[in-house]
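# Per-entry structural report
One-letter residues, chain by chain:
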Amino acid sequence: MFRNPLMVTALSLTAAVSIWGLMDAQALAAFAARTVSVILRSRGWFIMLTASALLIISIWLALSRFGQIKLGRPEDEPEFSTFSWLAMMFAAGMGVGLLFYGAAEPISHFLFIQSQGDIPVHRAGPTALFLTYFHWGLHAWAIYGLTALVIAYFTFRRQAPPLVSAPVKIVFGDKPWARTVGWLMDLLAIYAIAIGLAGSIALGVFQVEDGVATLFDIQRTGLGLGLSIFVVLCLAYILPLMVDLSKGMAALSNTAILIAISLMVFVLLVGPTHLFMQNIVEGFGEYVTNVLPHGFRSYTFFQESVGQWFSAWTLNYMLWWLAWAPFVGVFIARISRGRTIREFILGVLLAPTTFSIFWFGIFGGMGFYQGAANQLDPTVVQTDINRTTFLLLETMPLSKMTIAATIVAAFLFIVTSVVSAAYVLSMFSTGGDQDPPVKVKLTWGVILGALGLVMILSGSADAVRQIIALSANPFVFIILFLVMCLLKALKREKSV
Amino acid sequence: MENVVDTLMNILIFVFIGLMIWLYAKKDPGPDDRQEESNRPE
């Protein structure tokens, strides 16, 4: 793979950013923060428009005559059970974030809404929950889903390699401009996946570190604990890389999701159940009635603090989903052969969104409840956001067990992300081989680990987030380009 | 300076949107069409 010019360029680009980060993390973070701020100010409207357009196109495709098209040959059957399929896509796409933001994000929005004073207190809870649902719901999954659908359609129906560049070459032929654009798209995809995943490893290690420190009541000094967690993490993802994807990933994802569901059910039953259900029903109603109009909001004539909140949360989330779209998209495509476009879109959009509605409704509701009962200081989300879930669980029965389960689930979610990313990068570096050799997957596992280590050494979660957001920026354009290729190919297929 | 950058970035978006619409609407002979053309009797 090192003889491939695309891989050499991508690795050089990634290595250059890593070396810069190692030499002067603050300068890199400042540069990334400045650039991302300019991009969000100038292109905020376009990012929101893109996310909304992708959602509307997804719904239209599912309901249109194109929905009957099978992603594969007529005789192809789905490779994984529906539960494993949904669990794997969910684990790869969101996973660890849910565990740490389940209570923290609704509380954070609640505090912000209260600080503004425009909305009555009794509306602050449902509005906070609605905003959280918006960030983790249909728009996020439309970004993932359409990227995955483009790759799956061209791979299984048009027998193209599962590369980001393939749709361009299929639709526009082997022209020099199509080759150049395709090459650039593959390069940016590899770069975004490598940086995004390395960043996720670093953020995941910071979060697990917080959990371990809470569980064992350890005072953190230096990077010792973080580096120990990192070593265990590396050892944990080596084995799944060596076995077949269907065995390794399905087992890991199913375990992680089952732990997460058990935690959710535990909190639902042990906490004030009726309050959670009220919270979920109210937040769900708010979401269903406002989700589409809210997708077009960009808070134009609001106070500066609202604009800053919008950039820091909504736009950053959309950029985050875009950053992960190439790898989650290729991964979801890989596990979706044999499903129809309708089944695919409805599964990708509705199942994870429904799960998120329950998850945030329960954990967010618990956060509101404990905040009101003075059992949890809500300002923890401003001082140490990663610890919110653990502090919340600490006030409940069997806290040691639930905190340990959260750490294990977080760990498994990170492992599944690294394994699926190493798999996708291996496919890219072997020209689209859907079962890349183990040694190539291991090489990518090591490279991702090394990049993650560089980001851990930078010691700053904010710096990591800004670097990921910067690497994701071109994907606003790339995903729209890919969707245009899909629509053109579908139009051709139906007219033949 | 900030306004210039802002304007340029937005112009880039307008050009991109225009390009996407043009590429979508354009009758471009892809591999399928070329195959059809080669199968067509002389």
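Nothing here was measured: the structure is a model prediction, and the numbers come from that model.

### Side note on unusual backbone geometry
Keep in mind that most residues, glycine aside, have a negative phi and that most peptide bonds are trans. Residues and elements named next belong to chain A. Phi is positive for Q159, close to 55°, though the residue is something other than glycine. Among the secondary structure elements, Q159 is positioned in the loop between α7 (138-157) and α8 (166-172). A positive phi angle, close to 55°, is found at L398, a residue other than glycine. You can see L398 is positioned in the loop between α16 (388-394) and α17 (399-429). For L398, a count of 12 C-beta atoms within 10 Å corresponds to the exposed category.

### Quick notes on the packing of helix α1 (residues 5-23) of chain A against helix α9 (residues 176-216) of chain A
All names here are of chain A. Packing of α1 against α9 brings their axes to within 9 Å, and their N-to-C directions diverge by 40°. Judged by the inter-axis angle, α1 sits oblique to α9. For the crossing formed where α1 meets α9, the hand is right-handed. For the pair α1 and α9, contact is made by L6, T9, A10, L13, T14 and V17 and by W183, D186, L187, I190, Y191, A194 and I195, respectively. The residue inventory of the contact of α1 with α9, partitioned by class, reads 10 nonpolar, 2 polar and 1 charged.

### Regarding the nonpolar core
Residues and elements named next belong to chain A. Ranked by internal contacts, the top residues of the largest apolar core, which has 176 residues, are I143, L322 and I479. Sorting elements by how many residues they give to this core places α17 first, with 18 residues. With residues near it in sequence (within four places) discarded, I143 still touches A51, L54, W321, L322, A325 and I479.

### Quick notes on the confidence of the model for chain A
Residue-level pLDDT values for chain A average 86, and 97% of them are 70 or greater. When pLDDT is averaged over each element of chain A, α7(A) comes out on top at 94 and helix α15 (residues 380-383) of chain A at the bottom at 76.

### Things to note about the interface of chain A and chain B
One frequently used descriptor of interface size is the decrease in accessible area upon assembly of the parts. Each side of the interface is counted separately: chain A has 16 residues, and chain B has 14 residues. At the level of secondary structure, the elements contributing two or more residues to the side of chain A that touches chain B comprise α2 (25-63), α8 and α20 (475-495) of chain A. No other element matches α20(A), which puts 7 residues into the side of chain A that touches chain B. Here the residues of the side of chain A that touches chain B sort into 10 nonpolar, 2 polar and 4 charged.

### Examining α2(A)
A rise of 1.5 Å per residue sets the reference length of α2(A), with its 39 residues, at 57 Å; its end C-alpha atoms lie only 48 Å apart and thus fall more than 12% short of the reference. Remark: the principal bend of α2(A), roughly 70°, maps to R43(A).

### Here we look at helix α6 (residues 121-136) of chain A
Residue and element names in this part refer to chain A. Compared with the 22 Å implied by 1.5 Å per residue over 16 residues, the 24 Å span of α6 between its first and last C-alpha is a close match. Burial in α6 covers these residues: G125, P126, A128, L129, F130, L131, T132, Y133, F134, H135 and W136. Turning to α6, the residues buried within the fold contact α5 (104-116), α7, α12 (273-294), α13 (304-334) and α14 (341-372).

### Here's the deal with the packing of α13(A) against α20(A)
All names here are of chain A. It is the contact of α13 with α20, at a shortest axis distance of 9 Å, that shows an interaxial angle of 50°. Here α13 is positioned oblique relative to α20, judged by the angle of their axes. The crossing of α13 and α20 is left-handed. The residues of α20 that touch α13, namely those facing L322, A323, A325 and P326, are F475, V476 and I479. Tallied by class, residues from the contact of α13 with α20 come to 7 nonpolar, no polar and no charged.

### Describing the environment of D384(A)
All names here are of chain A. Note on placement: D384 falls in the loop between α15 and α16. The class for D384 is partly exposed, based on 13 C-beta atoms found within 10 Å. Put simply, D384 and D210 are 174 residues apart on the chain and 9.2 Å apart in space, counted from C-alpha to C-alpha.

Criteria and cut-off values
- Residues numbered from 1 in each chain as written.
- Chains lettered and ligands numbered in written order.
- Predicted model: local features only at pLDDT ≥ 70, side-chain atom pairs only at ≥ 80, totals over all residues.
- Helix = DSSP H or I, 4+ residues; strand = E, 2+ residues; numbered from the N terminus.
- Buried ≥ 20, exposed ≤ 12 C-beta atoms within 10 Å, placed from the backbone.
- Axes fitted to C-alpha atoms, helices over the stretch in contact; angles between N-to-C directions.
- Parallel < 35°, antiparallel > 145°, perpendicular 65-115°, else oblique.
- Left-handed = near helix turned anticlockwise from the far one by under 90°.
- Contact = placed C-beta atoms within 7 Å.
- Nonpolar A, V, L, I, M, F, W, Y, C, P; charged D, E, K, R; others polar.
- Core = buried A, V, L, I, M, F, W, Y, C linked by C-beta atoms within 7 Å.
- pLDDT = per-residue confidence, 0-100.
- Expected span 1.5 Å × (residues − 1).
- Bend = angle between axes of the 7 residues up to and from the residue.

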